[in-house]
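# Understanding the architecture of this molecule
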Amino acid sequence: MAAHQCSYCLKPIATAPGVKWHIAHTGHFTREFAGVAAKILGSHKMLFKSLEEVEIADKSSMWAPFHDGEEWELAHFLMKNVGQTKTDEFLKLGIVHNSGVSFNTAWSLLKKVDSLCTGPAWTCEIIDVVGDVVGKDSTLRHEQLELWQRDPMECMEELIGNPVFQDVMAYVPEHVYADAQGEKCIYDEMWTGDWWWDVQMKLPEGTVVAPVILSSDKTSLSVFSGDKKAWLVYLTIRNISKDVRCQVSVHAMVLIGYLPVSKLECFQKKTRSLAGYRLFHHVMSLVLQPLIDASRHGKEMVLHPILAAYVANFPEQCLVACNKESQCPCCLVESDKCGDLEECTWQSMMDTLKTLQHKQRNKQSRKFDMEGLCVDLPFSDIFTCITPDILHQLHKGIFHNHLLQWCMNLMGEKEIDAHFQAISCYPALRHFKKGISTISQEMQCVFDEVLLFQQQMDTTLEAMQESLKMFHSYKHVLVEMEVHQDFNLPKLHSLQHYATSIRALGSADGYNAEYPEQLHIDYAKDAYWASNK
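Residues numbered from 1 in each chain as written. Predicted model: local features only at pLDDT ≥ 70, side-chain atom pairs only at ≥ 80, totals over all residues. Heavy atoms only, no water.

## Thoughts on the overall build of the protein
Scanning the protein for helices and strands turns up 22 helices and 13 strands. Sequence-distant contacts in the protein: of pairs separated by 6 or more residues, those separated by 24 or more amount to 66%. (Helix = DSSP H or I, 4+ residues; strand = E, 2+ residues; numbered from the N terminus. Contact = heavy atoms within 4.5 Å.)

## Here we look at the sheet that holds strand 10 (residues 229–237)
Strand order across the open sheet formed by six strands is 5-6-11-10-9-12, with mixed pairing between neighbours. Bordering the open sheet on either side are strand 5 (123–134) and strand 12 (304–311), each of which pairs with just one other strand. Neighbour-to-neighbour, the strand axes of the sheet open up by a mean angle of 25°, direction not taken into account. Pairing of strand 9 (residues 209–220) with strand 12, which is carried by seven bridges, proceeds in the parallel orientation. Paired with Val-212 across the strands is Leu-307, a residue of strand 12. Helix-sheet contacts for helix 9 (residues 269–287) involve strand 5, strand 6 (140–149), strand 9, strand 10, strand 11 (254–259) and strand 12, and the interaxial angle to strand 5 is about 160°. On top of the sheet, helix 11 (residues 314–321) reaches strand 9, strand 10 and strand 12; it is set at about 120° to strand 9, its chief contact. (Pairing = 2+ DSSP bridges. Axes fitted to C-alpha atoms, helices over the stretch in contact; angles between N-to-C directions.)

## A word on the nonpolar core
Nonpolar side chains tend to gather and get buried jointly when the protein is soluble and globular. Ranked by size, the top nonpolar core spans 51 residues in total, and within it Ile-256 and Leu-259 carry the most contacts. In terms of nonpolar packing, the next biggest core, distinct from the first, is built from 19 residues, Ile-398, Trp-406, Leu-492 and Ala-499 among them. (Core = buried A, V, L, I, M, F, W, Y, C linked by side-chain atoms within 4.5 Å. Buried < 20%, exposed > 50% of the residue type's maximum accessible area, 1.4 Å probe, protein only.)

## A word on unusual backbone geometry
The omega torsion of the bond from Ala-64 to Pro-65 falls at 10°, within 30 degrees of zero and hence cis. Of note, the phi angle at Ser-138 is positive, near 65°, even though the residue is not glycine. Considering the arrangement of structural elements, one finds Ser-138 in the loop between strand 5 and strand 6. Although it is not a glycine, Leu-264 adopts a positive phi angle of roughly 50°. Mapped onto the fold, Leu-264 is located in the loop between strand 11 and helix 9. Using a relative accessible area of 4% as the deciding quantity, one classes Leu-264 as buried.

## Some words on the environment of Leu-303
Inspection of the secondary structure assignment puts Leu-303 in the loop between helix 10 (289–297) and strand 12. With relative accessibility at 7%, the residue Leu-303 sits in the buried group. Separated by 132 residues in the primary sequence, Leu-303 and Tyr-171 place their C-alpha atoms 9.0 Å from one another. Those residues in contact with Leu-303 that lie beyond four places of it in its chain are Ile-160, Tyr-171, Val-208, Ala-210 and Asn-239.

## Re the packing of aromatic side chains
As enumerated under the stated definition, the model contains twelve aromatic pairs in all. Ring geometry for Trp-122 versus Tyr-258: centroids 5.4 Å apart, planes at 35°, classification tilted. In this pair, Trp-122 sits in the loop between helix 5 (106–114) and strand 5 while Tyr-258 sits in strand 11, placing the two residues 136 residues apart along the sequence. According to the relative accessible area criterion, Trp-122 is partly exposed, its value standing at 33%. Measuring from centroid to centroid gives 6.3 Å for Phe-420 and Phe-432, while their planes differ by 85°, and the two rings are edge-to-face. Here Phe-432 lies in the loop between helix 16 (413–421) and helix 17 (448–451) and Phe-420 lies in helix 16, a separation of twelve residues in the sequence. (Phe/Tyr/Trp six-rings, centres within 6.5 Å; stacked < 30°, edge-to-face > 60°.)

## Description of the packing of helix 9 against helix 10
Here helix 9 crosses helix 10 at 60°, and the two axes come no closer than 4 Å. Compared by their axis directions, helix 9 and helix 10 come out oblique. Of the residues in helix 10, those in contact with Ser-285, Leu-286 and Val-287 of helix 9 are Gln-289, Pro-290 and Ile-292. Classifying every residue of the contact of helix 9 with helix 10 by side-chain character gives four nonpolar, two polar and no charged. (Parallel < 35°, antiparallel > 145°, perpendicular 65-115°, else oblique. Nonpolar A, V, L, I, M, F, W, Y, C, P; charged D, E, K, R; others polar.)

## A few points about helix 15 (residues 390–411)
The first and last C-alpha atoms of helix 15 sit only 26 Å apart over 22 residues, clearly below the 32 Å expected at 1.5 Å per residue. Of all the bends in helix 15, the largest measures some 45° and sits at Phe-399. (Expected span 1.5 Å × (residues − 1). Bend = angle between axes of the 7 residues up to and from the residue.)

## Some words on the environment of Met-408
With respect to the helices and strands, the residue Met-408 is situated in helix 15. Using a relative accessible area of 10% as the deciding quantity, one classes Met-408 as buried. For Met-408, the residues in contact, after removing those within four places along its chain, are Glu-413, Ile-416, Ile-436 and Ser-437.

## Examining the pattern of salt bridges
Across all of its chains, the model carries six salt bridges by this definition. Note that Asp-188 and Lys-242 form a salt bridge whose closest N and O atoms lie 2.8 Å from each other. Placement of the pair is Asp-188 in the loop between strand 8 (185–187) and helix 7 (194–202) and Lys-242 in helix 8 (residues 242–245), with a sequence separation of 54 residues. Since its relative accessible area comes to 19%, Asp-188 is described here as buried. Take Lys-242: its relative accessible area is 3%, and that puts it in the buried class. (Salt bridge = Lys/Arg side-chain N within 4 Å of Asp/Glu carboxyl O.)

## A closer look at the packing of helix 3 (residues 84–91) against helix 5
The N-to-C vectors of helix 3 and helix 5 enclose an angle of 110°; their axes lie 8 Å apart at closest approach. Viewed along their axes, helix 3 and helix 5 adopt a mutual orientation that is roughly perpendicular. For the pair formed by helix 3 and helix 5, the contact residues are Gln-84, Thr-87, Asp-88 and Leu-91 on the first element and Ala-106, Leu-109 and Leu-110 on the second. Residues that form the contact of helix 3 with helix 5 fall into these classes: four nonpolar, two polar and one charged.

## Some thoughts on a nonpolar patch on the surface
Taken together, the side chains of Leu-410, Met-411, Met-470, Tyr-474, Val-477 and Met-481 define a hydrophobic patch exposed on the protein surface, amounting to about 610 Å² of accessible area. Broken down by secondary-structure element, the contributors of at least two residues to the nonpolar patch are helix 15 and helix 18 (458–474). Relative to the helices and strands, Met-481 is located in the loop between helix 19 (476–480) and helix 20 (490–494). (Patch = residues over 30% accessible without salt bridge, like charges linked within 9 Å, V, L, I, M, F, W, Y side chains within 5 Å. Areas by Shrake-Rupley, 256 points an atom, 1.4 Å probe, with all protein chains shown as cover.)

And the structure:
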């Protein structure tokens, strides 16, 4: 132990070797990264700064091409809520025309909107999918699909240069402790986890790591009938503090692609599912190719992007990890052992690639071709990138679909309601005057604070593991009382990996699938409903 003056708050403190910073307002201690990270190479003018300089040089208003803030609000309202025909009718009203609005038709409004500065450009690539069904002309049927994408590196540069995030960005890993001895580790942001620290040590000195979070999800567009779907891919970086990044309004998670959605009728039914898996990995490799190149070689004046986490629901996790939905996307647990609490070996990238190469050498079917996220991305292990899914695994899965139902079967709905009705009112705590038996998915808010700590410690993670062990020790009671018979649930098994993931990547609230799902409304559903379909 060494006694010295804290370089942050100037208080005399005794800390373990390497523990330098005492964060006064939190009482935490920080161990800085021992090597050289985030070396400054020079300066570069970012997009937002260039736009500001052009605006000043032209002496134009910050609301240009609109006259003022009120006209901007009017244009925003019309674009978001009113169709073109109704917009024309509205702008022809005398009171609107005489108000001096700079646009008098929907066309002139659209021209002004098109003149606004946009982010990274969208491109469309046609994917020609050749099936295995022979057509009427004795040739294999094929289908042409559209892949809409943006350069993920350009999107990252835009995030880095956005002044909104200037004061909430981190470029160097650190370890945070609750004590000066450095024994009680705290896991909060990703830069406090072990993954960033380990990756930083593998890279050349001075490298700036950009931990990339990807998320993909298929969402329905049709409301009452039809089967229209959109498949969206999002990207963000964990250099941005999660308190800001997880706010939908700040647009820290950007859309980088619309994947093609097809029934693939050019394939036979028995091969259609496999063809869909292969199509997903093919188009994802196209979307992420600029990111893959930058991950291998880095990019001067920007960051070294490395895939750290993939946020998705369970079917999508299995699709990304190239395994069946009856198995765990992270470890090698047997499909009929998911209900047991036992140590399982994590899936290995090297073993997976060796198996594929062996099958290829034996000239087996195309289903063993090596293509996908697990092959192309350097410094990344797709199996450890799979993160806890708070929304689907805990809230909707374990709690709502299972735990709550088991309790109701044991105690009865009236008894459960009576207990919740008896809870005293408390600030910031929701009170259920009528109980919870008639509430569906909204019930997840009851245990938000219990399940979703914004900050974890080794002690809380150990307590979480002990709670899981206790459940497995007494689950036989549910079987004896004929409440539930089979606990072979993949969602239940996934809880075993939470502690490992949190230690590596930070607290689980930074990977909630709820955030990208909220973006579906802006990026898919509103646009679809506003179109002529």
